[in-house]
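Structural description and commentary
Now for the letters of each chain:
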Amino acid sequence: MSNQTLSLTLDPVVPDFLIDQVQSKMAYLDESVQRAVVCPDGSCMTLYLVQELDLAAQKTLEEKIHRVLTAMVSGALKPRIKILEDKLDRKLPFNKDPMDTLLETGGVYKEGKGMYVLGPLVASLVEYFNRECVDLAGSFEARPYRFPVLISPELLERVDYFRSFPHSLNFVRHLREDLDKIETFAEHAHCENGCLVAPEETQSDIEAMLSPAVCFHLYQALSGTTLDEGVKATAVGHCFRYESSNLTSLTRLWDFTMYEVIFVGEKDFVLDNREEGRKRAQKMYERWGLAYRVESANDPFFVGEFKKQAAFQSAFQLKYEVRAALPFLNDTLAVASYNYHQDFFGRKMEITAPDGKPAHTGCVAFGLERLAFAFLAQYGFERKTWPADVRRALKGI
Amino acid sequence: MAEVFNCPSSEISDTISFGDFQAWDSLSHMDLLMTLEDRCGLELDADTISELTSLDAILKTLQEMNHE
C-alpha cells in the first residue's frame, strides 16, 4: 500500500448532495488512484495513489477530474429528498464495526476484492432475511422465478446498461473451441498478482456477462408479449457490480444477493403494488428492530449520464432507498429499495400492458448481505440484546 | 421538439406528451428541457422536470415566462 497522495483544489466546488457520488466515481479515474476523499465543503480533494506520478501523468489525472466535475457538478440540480419513513432514532445496543469481530473470529473470510466467504452466523442471517422476503412475496401471491447469473450482452445493450452503468460491468469468456488454443492455454496459463495471465488469442469473444440485476431477466422473458393482467413475480439472484476500490467489507460486495418482488403491468398496478410492498416491508423491519429511514434516491449512473438521469429520477420520485443506520459510522447504508421505472423497460423490451400501452415496471428489492451487515452493526453479537423474532429464528446457530 | 426527438416535425402533434410518443423517453425528456433551458431561459428544477410532460404544458409555461 502506497502512501502517496495528491491534494487538489476543485473547480467547480462539489455541492454537499454530490460529494459521495463524486467521491465514488473517482475510483474509476485511473488505475493509479486507490481512494479519493472530497473535503466536507467540496472545495478540495485528496487522492491516495498506488505510486507517485510524474508531472505528465498528474496533468492527465487532473484533466480527467475536471471532466468528471464538469459532467457531474456543473448545472446539477439539487435532488428533492422526500422521506417516507424515519425510524433512525430507535435505541440500539451496539456501535462498533462488526467486520472487525467477523474477521477476527472467522465469521467471514476475505477471499478477494469484494469477495467474502460468509460463516454460519452471517449465512444464517442472510437465510433468515431471505425467508422473510419469501413470506413478503407470498403475501402478494407473486410467482417464483429462477434466473441465470449470466446475461446476454444484447439484453444489457437493449436496456441501455452500457451507457448508464459501464463502470460496473463484468465479462465472461471461455476458451475458443480449438484444440491447439486449449493446449496453449493449459501450457501457459498462470497467475500474477492475483490475475490470470494467458495468451489473449486462446480466449473467446464475450458472449455472456455477469448479471448486474435480477429483474432484467423477467423483462426478457416477457419481451414481445401482451399481458392479460398485471404480473407479480419474485426471484432471488446474484448481482455482480464491479465497484473498484469502493469494494470494502460486506457493505459493498462484487457479487451480492438480491431478493426482488417485481411488478409488470399498467401504471397504477405497478405504483399501487410498490406502495403496498413498502407498507408490508415496514412490518418486517419492525420485527427485525431495524433503525432505518426510507428516502428518495437515485441510481449510481456513470459520469456522462449522471446529471440527466439522476435529475429525472429525483423529479419523478422513481426510487426510494431503505437506509439502515450504521451506528459505528454515524451514517446509513442502503439495504433495500422501492423502484418504479415508468414504461422504460416496457418500451425497450416491447412488453404491452393489458391497456395496450407499453407496460410499466417496478420492484421492491432487498440486499441480503447488507441487511445482515446492518443488523450486526446495530445489534452486535450478544444474542440477548437481539429482537426476539431474530433470536428465535437463529436459535441453535 | 422534432430536432431533439430526431423525427419529422409533421409527427409532432398538438397533443404530444411524454409516455405517449415513442421518442419522448426519460433521456430525451431531459434533452428537451435542457434545450429549452439554453434557448428559452427555462429554469430547470424538479417541478419543471416532472410537470412539463406535454407540449401543451410546455407552451403554457413559455407563454407565462414571456408575460413576466
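Residues numbered from 1 in each chain as written. Chains lettered and ligands numbered in written order. Predicted model: local features only at pLDDT ≥ 70, side-chain atom pairs only at ≥ 80, totals over all residues. Heavy atoms only, no water.

1. What to know about the overall build of chain A
Here is the rule we go by: Counting from the N terminus, the helices are DSSP H or I runs at least four residues long and the strands are E runs at least two residues long. This radius of gyration counts C-alpha atoms alone. The globule rule is 2.2 Å times how many residues there are, raised to the power 0.38. Buried residues are those whose accessible area, probed at 1.4 Å on protein chains only, stays under 20% of the maximum for their type, while exposed residues exceed 50% and partly exposed ones sit between those limits. We call two residues in contact whenever any of their non-hydrogen atoms come within 4.5 Å of each other. For the area figures, the Shrake-Rupley method with a 1.4 Å probe applies, and any residue is considered shielded solely by the protein chains shown. We count Lys and Arg on the positive side and Asp and Glu on the negative side, and we leave His and both chain ends out. The atom standing in for a charge is NZ when the residue is Lys, CZ when it is Arg, CG when it is Asp and CD when it is Glu.
Looking only at helices and strands, chain A features 13 helices and 18 strands. Compactness check: chain A gives a C-alpha radius of gyration of 22 Å against a globular reference of 21 Å for 397 residues, within 12% of the reference. Along the first, second and third principal axes, the C-alpha atoms of chain A reach 60 × 50 × 50 Å. Within the span of chain A, comprising 397 residues, buried residues form 49% of the whole. Sequence-distant contacts in chain A: of pairs separated by 6 or more residues, those separated by 24 or more amount to 73%. In the form shown here, chain A has an accessible surface area of approximately 19400 Å², with 49% of it arising from carbon and sulfur atoms. Averaged over its 46 positive side-chain charges, chain A has a centre that lies 8 Å from the centre of its 56 negative ones.

2. Points about the overall build of chain B
Along chain B, the regular secondary structure elements total 4 helices and 0 strands. For a compact globule of 68 residues, the expected C-alpha radius of gyration is about 11 Å, and chain B comes in at 11 Å, within 12% of that figure. In terms of principal-axis extent, the alpha carbons of chain B reach across some 30 × 20 × 20 Å. With 68 residues in all, chain B has 43% of them scored as buried. Of the roughly 4000 Å² of accessible surface on chain B, a fraction of 44% belongs to carbon and sulfur atoms.

3. Description of the sheet that holds strand E3 (residues 44–49) of chain A
Within a sheet, neighbouring strands are paired by backbone hydrogen bonds and run either parallel or antiparallel to one another. All names here are of chain A. Defined as follows: DSSP bridges decide pairing: two strands pair if at least two such bridges lie between them. Helix axes are fitted to C-alpha atoms over the stretch in contact, other axes to C-alpha atoms as well, and angles between N-to-C directions run from 0 to 180 degrees.
Across the sheet, which stays open at both edges, the 3 strands sit in the order E1-E3-E2 with antiparallel pairing between neighbours. Each end of this open sheet is capped by a strand with a single partner; those strands are strand E1 (4–9) and strand E2 (33–38). Here the strands of the sheet are splayed against their neighbours by 20 degrees on average, with no regard to which way each runs. As judged from the 5 bridges shared by E2 and E3, these two strands associate in the antiparallel manner. The residue bridging arginine 35 from the neighbouring strand is tyrosine 48, located in E3.

4. Structural notes on the side chain of histidine 167 of chain A
Take histidine 167 of chain A: it is sitting in the loop between helix H6 (161–164) and strand E9 (171–172). Residue contacts for histidine 167 of chain A: discarding those within four places in its chain leaves Lys25, Tyr28, Tyr242, Pro300, Phe301 and Phe302 of chain A.

5. Remarks on the interface of chain B and chain A
Quick reminder of the rule: In this description, buried area is defined as the sum, over both parts, of the accessible area (probe of 1.4 Å) that is lost when the two are combined. The term salt bridge refers to a side-chain nitrogen of Lys or Arg lying within 4 Å of a carboxyl oxygen of Asp or Glu. Pairing of N or O atoms within 3.5 Å defines a polar contact, subject to two protein rules: one partner must be a possible hydrogen donor and the other a possible acceptor, and residues neighboring in sequence count only if both atoms are side-chain atoms. Throughout this entry, Asp, Glu, Lys and Arg are counted as charged residues, while Ala, Val, Leu, Ile, Met, Phe, Trp, Tyr, Cys and Pro are counted as nonpolar. The remaining residues, Gly among them, count as polar.
With 20 residues of chain B in contact, the opposing surface of chain A contributes 16 residues. Between chain B and chain A lies a buried interface of about 1500 Å² when both sides are counted; carbon and sulfur atoms form 65% of it. Close ionic contact of arginine 80 of chain A with aspartate 47 of chain B constitutes a salt bridge, the shortest N to O distance being 2.7 Å. At the junction of chain B with chain A, the criterion picks out 5 residue pairs in polar contact (both at pLDDT 80 or more). At the level of secondary structure, the elements contributing two or more residues to the side of chain B that touches chain A comprise helix H2 (26–40) and helix H3 (46–51) of chain B. No other element matches H2 of chain B, which puts 6 residues into the side of chain B that touches chain A. In the side of chain B that touches chain A, the residues fall into 10 nonpolar, 6 polar and 4 charged.

6. Thoughts on the state of the cysteines
Let me state the cut-off plainly: What counts as a disulfide here is a pair of cysteine sulfur atoms lying within 2.5 Å.
Applying the stated rule across the entire model yields 1 disulfide over all chains. Each disulfide pairs two cysteine sulfurs, and for cysteine 39 of chain A the partner residue is cysteine 44 of chain A, the sulfurs being separated by 2.4 Å. Looking at cysteine 44 of chain A, the relative accessible area reads 30%, which means it is partly exposed. No disulfide involves cysteine 363 of chain A; its sulfur sits 4.6 Å from that of cysteine 215 of chain A, the nearest cysteine. The cysteine cysteine 7 of chain B is free of any disulfide, with cysteine 40 of chain B supplying the nearest cysteine sulfur at 17 Å. For cysteine 7 of chain B, a relative accessible area of 16% puts it in the buried group.

7. A word on the pattern of salt bridges
All names here are of chain A. Per the counting criterion, the structure on display carries 23 salt bridges over all chains. We note a salt bridge from lysine 59 to glutamate 63, for which the minimum N-O separation is 3.2 Å. With a gap of 4 residues between them, lysine 59 and glutamate 63 both fall in helix H2 (residues 55–72), about one helical turn apart. Looking at lysine 59, the relative accessible area reads 52%, which means it is exposed. Close ionic contact of arginine 252 with glutamate 243 constitutes a salt bridge, the shortest N to O distance being 2.9 Å. You can call arginine 252 partly exposed: its relative accessible area is 32%. Here the salt bridges share partners, and the residues they tie into one network are Glu85, Glu275 and Arg278.

8. What about unusual backbone geometry?
All names here are of chain A. Cis rather than trans, the peptide bond between aspartate 11 and proline 12 has omega equal to 5 degrees. Residue placement: proline 12 occurs in the loop between E1 and helix H1 (19–25). Although it is not a glycine, aspartate 160 adopts a positive phi angle of roughly 65 degrees. Accessibility expressed as a relative area gives 16% for aspartate 160, which makes it buried.

9. Focus on the packing of aromatic side chains
Residue and element names in this part refer to chain A. For the record, the criterion: A pair of aromatic rings is counted whenever rings of Phe, Tyr or Trp (Trp by its six-membered ring) have centres within 6.5 Å, and the orientation is called stacked for planes under 30 degrees apart, edge-to-face for over 60 and tilted otherwise. Any Lys NZ or Arg CZ that is within 6 Å of a ring centre and within 35 degrees of that ring's normal is treated as a charge sitting over the ring.
Summed over all chains, the structure comprises 24 aromatic pairs over all chains. When the ring of phenylalanine 375 is compared with that of tryptophan 386, the centres are 5.0 Å apart and the planes differ by 85 degrees; the resulting orientation is edge-to-face. Of this pair, phenylalanine 375 sits in helix H12 (residues 368–379) while tryptophan 386 sits in the loop between H12 and helix H13 (388–393), placing them 11 residues apart in sequence. Under the relative-accessibility criterion, phenylalanine 375 is labelled buried at 1%. These aromatic residues form a ring-pair network of at least three members: Tyr128, Phe129, Tyr285, Trp288, Tyr292, Phe375, Tyr379 and Trp386. Here arginine 35 stacks its cationic end above the ring of tyrosine 48, 4.2 Å away from the centre of that ring. Stacked on the ring of phenylalanine 140, the Lys or Arg arginine 280 has its end atom at 4.1 Å from the ring centre.

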